[in-house]
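Next come the chains, spelled out residue by residue.
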Amino acid sequence: MTGPSDRATGVQADTEFVGPGVEHDEHPATSGHGSPASDACSVQWDHDGTSAYGTAATAAFFVIVEQPGPWGRDAARDSHLDHDLGAELDARTSHAGGRFMLVRRPGGHPAHDGPRHVLLAHTGARADDAWLLMAEVDDVGDLLGLDWAGLARGSRALVQASLPGSRPAEPTLLVCTNGRRDVCCAVRGRPLASHAARVAPGRAWEVSHTGGHRFAPTAVLLPWGQTFARLDDEAAEWVLAASDSGHVPAELLGPLHDRGRSSVPGPAQCAESHVRLETGETRLAALWADQPEATDNGWDVMVTHADGRRWHVAVTRVPAGRTRPESCGKKAVDVLEHRATIVEAWF
């Protein structure tokens, strides 16, 4: 596994261009391994070893639609998916507490019509409650008939009833590759997604946006919403293999790679990830964090283990003492990190 300092060099890659009439994406990073510029946002954050704790995008569930062809910065509204339909699905998903994203098969991106894969994942306040469904639809508009309340509550039965043909799916890795949002995601994410798809066919996709360009390559593991930073080919293999039994790789515990589970807010993500590292617990369903309670200095979070152990964790968000751009081409801002301390434990 390469460390942050090992990836802090490289040459400038071509930026992605998606223009009118472009039917597929020919970014050079779709084959081979791209190298980001030495001043790329993810290279700077790699070099610093900045903590990724508590940076997973918060979502109780995911609605994910296969959409081949080019994506714009706001992929739901700027792709070959009908603009109004994409906007409506995005709005309904967000209103119910979820996250709407587009995916496509790794490699070349020819635009084509025909049935589309759909992934519906509920992350579960406790990872043991998480589930993932897959379906193929001829008309993406059919998703407007989803049981949105059922999705928000995590009722798999109601959701399946509202989407005929949906069925349970294996754990799936979504790698962020949208260079229109940040070139680091394209240069670093696309080779990773291609490798993951070769290792586990059907279980790895390119995804339009996970947030956290500065931690590229970044990926989300469904159904749990477990989000990773700074992955490489070997790490992706570890994730896919461990997820078969509901685990995360021991090698990826800790603040360099563990961004947290999306079902809880950032401070709770940080607390859960910290306890996971301290205990070496890799089983996703074994730990869960309660909602954070605000304090004068940050947050208090209770983390529980399935065996009955509990931890009181104090979480703060503090300046790291440096400025860095959070995305390529953006102005540098103060870097803030979530930090966790176990105050008390019960065994």
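Residues numbered from 1 in each chain as written. Predicted model: local features only at pLDDT ≥ 70, side-chain atom pairs only at ≥ 80, totals over all residues. Heavy atoms only, no water.

## Thoughts on the sheet that holds strand β2 (residues 99-104)
(1) Moving on: An order of β5-β4-β3-β1-β2-β7-β6-β8-β9-β10 is seen for the ten strands of this open sheet, with the pairing classed as mixed. The sheet terminates laterally at β5 (167-168) and β10 (258-261), the two strands that pair on one side only.
(2) Moving on: Two elements, strand β1 (residues 61-66) and β2, share five bridges in a ladder whose sense is parallel. From the neighbouring strand, Val65 faces β2, where its bridge partner is Leu102.
(3) Moving on: In the packing of helix α6 (residues 233-243) onto the sheet, the strands contacted are β6 (172-176), β8 (219-222) and β9 (226-228), and the crossing angle to β6 comes to about 155°. (Pairing = 2+ DSSP bridges. Helix = DSSP H or I, 4+ residues; strand = E, 2+ residues; numbered from the N terminus. Contact = heavy atoms within 4.5 Å. Axes fitted to C-alpha atoms, helices over the stretch in contact; angles between N-to-C directions.)

## Regarding the layout of surface pockets
It is the rolling of a water-molecule-sized probe over the atoms that shows where space remains empty.
(1) Moving on: Approximately 180 Å³ is the volume attributed to the second largest pocket.
(2) Moving on: Lining of the second largest pocket is provided by 15 residues; of these, Asp74, Asp90, Phe100, Ser208 and His209 occupy positions nearest its centre.
(3) Moving on: The leading source of residues in the lining of the second largest pocket is β2, at four residues.
(4) Moving on: For the lining of the second largest pocket, the class distribution of residues is five nonpolar, five polar and five charged. (1 Å grid on protein atoms, 1.4 Å probe; cavity = no way out; pocket = protein on both sides within 12 Å on 5 of 7 lines; lining within 4 Å. Points joined across faces, edges and corners; volume = space filled by probe spheres on them. Nonpolar A, V, L, I, M, F, W, Y, C, P; charged D, E, K, R; others polar.)

## Here's the deal with the packing of helix α5 (residues 183-199) against α6
(1) Moving on: At a minimum axis separation of 9 Å, α5 and α6 run at an interaxial angle of 45°. Considered as vectors, α5 and α6 are oriented oblique to each other. As for the relative orientation of α5 and α6, their crossing is right-handed in sense. Each of Pro191, Leu192, His195, Ala196 and Val199 in α5 lies in contact with α6, whose residues at this interface are Asp233, Ala236, Glu237 and Leu240. (Parallel < 35°, antiparallel > 145°, perpendicular 65-115°, else oblique. Left-handed = near helix turned anticlockwise from the far one by under 90°.)

## Some points on empty space enclosed by the protein
(1) Moving on: In the structure shown here, the tally under the stated rule is one cavity of 30 Å³ or more.
(2) Moving on: In this structure, the largest cavity spans a volume of roughly 50 Å³.
(3) Moving on: Lining the largest cavity, in full, are Ala56, Ala57, Phe62, Arg99, Thr210, Val220, Gly225, Thr227 and Ser262.
(4) Moving on: Among the residues forming the lining of the largest cavity, the class breakdown is four nonpolar, four polar and one charged.

## Here we look at the pattern of salt bridges
When the charged atoms of two side chains with opposite charge come close together, those side chains can pair.
(1) Moving on: Under the definition given, this model contains 14 salt bridges.
(2) Moving on: Across the pair Arg92 and Glu88 runs a salt bridge whose closest N-O atoms are separated by 2.7 Å. Of the two residues, Arg92 and Glu88 both sit in helix α2 (residues 83-95), four residues apart, roughly one turn of that helix.
(3) Moving on: The exposure class of Glu88 is partly exposed, given its relative accessible area of 33%.
(4) Moving on: Beyond isolated ion pairs, a larger network of salt bridges with shared partners links Asp46, Arg188 and Arg230. (Salt bridge = Lys/Arg side-chain N within 4 Å of Asp/Glu carboxyl O. Buried < 20%, exposed > 50% of the residue type's maximum accessible area, 1.4 Å probe, protein only.)

## Brief notes about the confidence of the model for the protein chain
(1) Moving on: For the protein chain, the average pLDDT comes to 90, and 89% of its residues sit at 70 or higher.
(2) Moving on: The low-confidence segment residues 1-33 (pLDDT under 50) makes 76 contacts with residues lying over four places distant or belonging to another chain. (pLDDT = per-residue confidence, 0-100.)

## Some points on the packing of aromatic side chains
(1) Moving on: What the rule picks out here adds up to two aromatic pairs.
(2) Moving on: Judged by centre distance (5.7 Å) and plane angle (80°), the rings of Trp45 and Phe215 are edge-to-face. On the criterion of sequence distance, the pair formed by Trp45 in helix α1 (residues 41-48) and Phe215 in the loop between β7 (204-207) and β8 is long-range, its members being 170 residues apart. There is no split in this pair, since Trp45 and Phe215 are both buried. (Phe/Tyr/Trp six-rings, centres within 6.5 Å; stacked < 30°, edge-to-face > 60°.)

## As for the side chain of Asn178
(1) Moving on: One can find Asn178 in the loop between β6 and α5.
(2) Moving on: For Asn178, a relative accessible area of 0% translates into the label buried.

## Digging into the side chain of His338
(1) Moving on: As for its position among the elements, His338 is in strand β15 (residues 333-346).
(2) Moving on: There is a polar contact of 3.4 Å between the side chain of His338 and the backbone oxygen of Tyr53.
(3) Moving on: Not counting residues up to four positions away in its chain, the partners in contact with His338 are Ser51, Tyr53, Gly54, Gly266, Pro267, Cys270, Trp299, Val315, Thr316 and Arg317. (Polar contact = N/O pair within 3.5 Å; in protein donor to acceptor, adjacent residues only side chain to side chain.)

## Observations concerning α5
(1) Moving on: The first and last C-alpha atoms of α5 sit 25 Å apart over 17 residues, in line with the 24 Å expected at 1.5 Å per residue.
(2) Moving on: Of all the bends in α5, the greatest, near 40°, is centred on Gly189, and the proline Pro191 appears no more than four residues after it.
(3) Moving on: The element α5 is largely enclosed, with a buried count of 14 among its 17 residues.
(4) Moving on: The backbone nitrogen of Cys184 has a side-chain oxygen 2.9 Å away, supplied by the residue at the start of α5, namely Asp182. (Expected span 1.5 Å × (residues − 1). Bend = angle between axes of the 7 residues up to and from the residue.)

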